[in-house]
Amino acid sequence: MTGQTRAARSMLSRGLAILNCFRPGESELALSELARRADLPKPTAHRLIAELVDAGMLERGDRGLRLGLSLFTLGTRVPRQRMLSELAHPHLKRMHDRTRQSVFLFLPNGLDPVLADGVRGGRGADPAVGSPAESEAAACAAAKVLRVHHPRLAPAGTGPAERRGPRRAAREPSPEELARVAEQGFAIGQCGSEAGAIAVPVLDASGALIAVLATAGVPVRTHPVRTAAHLRAAGAGLSRAVHSASGLVPVA
């Protein structure tokens with residue numbers, strides 16, 4: 001491998017580290033915070049951010065940088081995400097009608113849950129992803145599910161089963177927490193006192209994880225066991241829909 005190739009790959013890796021700094025519910029980040037999270041010198045981060053802005057991958061907002069429209073456009077072209085979202089949406093809607101909470105579909109990217117679809121629960125929330133607190137709580141619960149099930153991820157381009165990039169602010173669940181998730185079959189996520197979430201795995205016929213369903217709302221209104229039972233029923237319906245659509249949903 002030539003020095004030029006190594007340098008090019010290094011710059012690509014640094015650019016991706018910047019894009020991976022954004023967490024659920026975060027719309028804008030300051031340049032200094034992006035540099036800190038991506039573990040880059042500020043001059044290097046400034047140069048890469050300028051190129052990402054030119055490419056439409058980032059946009060300048062009122063208080064910092066935000067993810068750009070070009071990323072959204074690319075995301076809509078991912079066939080697995082689009083097809084699973086289409087199959088899942090009726091189940092998300094029924095779950096929302098039953099619980100009146102925000103409901104989310106996450107897809108696994110290694111140990112990172114990627115939000116693929118959602119139905120709003122409370123007032124003032126984004127129609128696609130719920131309030132920032134709900135999104136954060138749901139992503140926290142989904143991440144615990146992924147850690148329990150990552151040895152059995154379905155072969156669908158999920159990437160390596162390890163966290164990429166310096167996400168220092170995210171607290172890793174303890175072994176005791178993960179053992180509890182494995183035993184009870186669902187995970188609980190929390191965003192302070194603002195939102196609580198329940199997440200369950202969606203498994204294929206072989207028992208491999210293909211997605212995570214989560215619901216989030218005001219913690220005092222969330223009954224974990226009852227909500228998890230509703231989510232598991234919705235997950236079973238989605239699993240059957242995916243099986244019926246085999247050959248339509250890409251698996252590699």
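An account of the accompanying structure is given in this report. (Residues numbered from 1 in each chain as written. Predicted model: local features only at pLDDT ≥ 70, side-chain atom pairs only at ≥ 80, totals over all residues. Heavy atoms only, no water.)

### Digging into the environment of Pro173
Position of Pro173 among the secondary structure elements: in the loop between helix H6 (132-149) and helix H7 (175-184). Sequence separation of Pro173 and Arg147 is 26 residues, and the distance between their C-alpha atoms is 8.9 Å. Dropping the residues within four chain positions of it, Pro173 is found in contact with Lys144, Arg147 and Leu178. (Helix = DSSP H or I, 4+ residues; strand = E, 2+ residues; numbered from the N terminus. Contact = heavy atoms within 4.5 Å.)

### Quick look at the nonpolar core
With 21 residues, the main nonpolar core has Leu105 and Leu213 as its most contacted residues. Listed by contribution, the elements that provide at least two residues to this core are helix H5 (79-99), strand S3 (102-109), strand S4 (112-119), strand S6 (195-203), strand S7 (209-217) and helix H8 (224-244). Counting residues per element, this core draws most heavily on H8, at five residues. Excluding its chain neighbours within four sequence positions, the residues that come into contact with Leu213 are Leu92, Phe104, Leu105, Ile198, Ala199, Val200, Val202, Leu231, Ala234 and Gly235. Among the nonpolar cores identified, the runner-up in size contains 20 residues, and Ala141, Ala142, Ala187 and Ala214 belong to it. (Core = buried A, V, L, I, M, F, W, Y, C linked by side-chain atoms within 4.5 Å. Buried < 20%, exposed > 50% of the residue type's maximum accessible area, 1.4 Å probe, protein only.)

### Description of the pairing of S3
The buried fraction of S3 is high, at seven of eight residues. In terms of strand pairing, S3 meets S7 through five bridges, oriented antiparallel. Looking at S7, one finds that Val103 is bridged to Thr215. Both S3 and S4 contribute to a ladder of seven bridges, which runs antiparallel. In the sheet register, Val103 faces S4, and the bridge partner there is Val119. (Pairing = 2+ DSSP bridges.)

### Some points on unusual backbone geometry
Phi is positive for Asp39, close to 60°, though the residue is something other than glycine. Examined against the element boundaries, Asp39 turns out to sit in the loop between helix H2 (31-38) and helix H3 (42-54). With a phi angle near 60°, Arg100 is a residue other than glycine that sits in the positive phi range. On the secondary structure map, Arg100 appears in the loop between H5 and S3.

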